[in-house]
Amino acid sequence: MKKHLVMAVVPFLAFGCGDDLVDADGDGIADGVREPDSVTVVTPANPKGTVSGQVLSTNLQPLGDVTVEMTIGSSAEPVAALSDAKGNFTYTNVPGGAQVLLTFSKAGYATLRAQATVPTTAGNVPINNGNASFGPITLTRLDGTLNFLVVTPTGRPAAGTRATLEATPAGSINNGDQSSSMVSSVVVEATANEQGLLSFTGIPSASELARLRNGAGQYKLWVSPMDSNGDGVPETGGYVSTYSGAEVVANGTTRLISLPYSRPQNVPLSIESSNVASLRGAAADLHPLRNLVRPGEPIHVFFNQPIQQDSLLVRMTNEDARESLGVTATVNNGGYSATVNPGPIVEGKEYNLDVRAVSAEGGSLFSSRGFFFAGEPRGPQQPTAIAEVRYHETSLTLPTSGQLNVGEYVYVYFTHPIASKVATGELVQVFFNIDLNNSGTLGDSQGEKGFLTGFDLLEAEPIVPLYTTTPIQNPVFPIIRSGYSSRFRFIYAGPNNPNLLGTEITVGFSKLGSRGISGTYENVWGQPLASDVAITGIGVHPAPPALP
């Protein structure tokens, strides 16, 4: 319809002015009226156009010898031309409708890339010589320098820190009414020297950026976290900031950047994770299976912030904190973790730990005490049994010393720490395989094997060494309760009997059910103790010697 309309109007205009006009080629256009006089050119099927523009510096001076590389579409080979002394360039015979990408480059200036479309119509009529006008195009000189001084959170030069600076836009384009897009920025990298100086060169000067886009030009700085020893664990956090060109012009001094701590400041040093969960502090997990360490396995500790390399102190004791045991500790990952290697540990035994350290970020002090049990998670190699029984002698001077007397404590030591899971609070009881009341019959008196009741076995989890020496032996360090203990005790109710030290005693776990008691005792692996355990022979914990 549109092409037919053009053909109808043009002959009317051509022939309406006189009869002497000739259309010898019959194309509907009078010969000699205009050039070209072919309708196929006036309304071309494959229109051609031009791409042109002018390149300037930021002070609006023409830039000659700028390489203008043009790429048509995505697959065509680029072609290149140079701007003339007035900064002008022109490409002809460019297909109409083509998407063209121009790259402007000149030594010592920023590179600019711009894209536009060559027009193919004027209104609704196809045209030739449509022009994609780029210009004026402004390029910045790369003769600027910007310096920063970078320090660590402790005020030392952040030597070796890497950073990136982006200056944008490093050029501008005014494309009139035509749609276009532009990419122009300069990205440079730098590494801080021994004094912490970051120096970025080969960038647009602040004054040039300030003149672009009505002062919208800016520098954006990224400073990477500092990893001075290359172990992949940063000693500091990173830094990001933006500076406008106008701001840098107004204040051209070297800017001081203090890198932050790698973790938030004013946060107390703490243990975030460990295979000994009780070390995590007040909200620690005391479940025995999360405080279980295999013999030969290290203990891993992870801090919420790096610690000072030489500040870590780890101590270890046995269950009652009587003796200090061998342990070594190594700080890893830039102070974020430590590996603790206990000496030889025995399956089923409980050990105590004391961990102290000083934060490398602000110097906060940290101290934590915990415990762990030795063993494999799947369970013990041997079932829980009685390791030994000892009574605590009350005096070395009484005539009745050397025998079990009324009121003395008898300590029962199990091979594994255990705990009561009896809901009612009832206690397991101990029975002697001997005629305690000298009635001639076994099982007719409290505490005798076969009788309904025995001596209540009380939990006696140690927090200090047993008092057997003078002066009193203090613990190596204060310890915390785990809720499980290998040490229990009962009070012997009598009568005095020198023969009891060689007899058999039994802990009646099986009798809890027969007494109508719900629940039982269990070891640190959660295994219930449903069967009685027994041992023959009672040793002695000596009475503490009298004070001089």
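The structure under discussion appears in the preceding block.
What you see is a predicted model; the values in this text were computed from it and never measured.

Rules and cut-offs
Residues numbered from 1 in each chain as written. Predicted model: local features only at pLDDT ≥ 70, side-chain atom pairs only at ≥ 80, totals over all residues. Heavy atoms only, no water. Pairing = 2+ DSSP bridges. Helix = DSSP H or I, 4+ residues; strand = E, 2+ residues; numbered from the N terminus. Axes fitted to C-alpha atoms, helices over the stretch in contact; angles between N-to-C directions. Buried < 20%, exposed > 50% of the residue type's maximum accessible area, 1.4 Å probe, protein only. Phe/Tyr/Trp six-rings, centres within 6.5 Å; stacked < 30°, edge-to-face > 60°.

Caption draft 1: A look at the sheet that holds strand 10 (residues 144-151). Pairing within the open sheet is mixed, and its three strands lie in the order 15-10-18. Both outer strands of the open sheet, strand 15 (197-203) and strand 18 (255-258), are each paired with one neighbouring strand and no more. Averaged over all neighbouring strand pairs, the angle between strand axes comes to 25°, with direction disregarded. Bridge count for strand 10 against strand 18 is four bridges, and the pairing is parallel. Bridge pairing in strand 18 places V151 opposite S258.

Caption draft 2: Representation of unusual backbone geometry. The omega angle of the peptide bond from T168 to P169 is -10°, so this bond is cis rather than trans. For L60, which is not glycine, the phi torsion reads 65° and is therefore positive. Examined against the element boundaries, L60 turns out to sit in the loop between strand 1 (48-57) and strand 2 (67-72). Assessed through its relative accessible area of 58%, L60 is described here as exposed.

Caption draft 3: Focus on the packing of aromatic side chains. The tally for this structure, following the rule as stated, stands at 18 aromatic pairs. Measuring from centroid to centroid gives 6.1 Å for F148 and F200, while their planes differ by 80°, and the two rings are edge-to-face. Taken together, the residues F148 in strand 10 and F200 in strand 15 connect sequence positions 52 residues apart. For F148, a relative accessible area of 0% gives the class buried. Residue classification places F200 among the buried residues on the basis of a relative accessible area of 0%. Through a chain of ring-to-ring contacts, the aromatic side chains of F414, F488, F509 and Y521 assemble into a single cluster.

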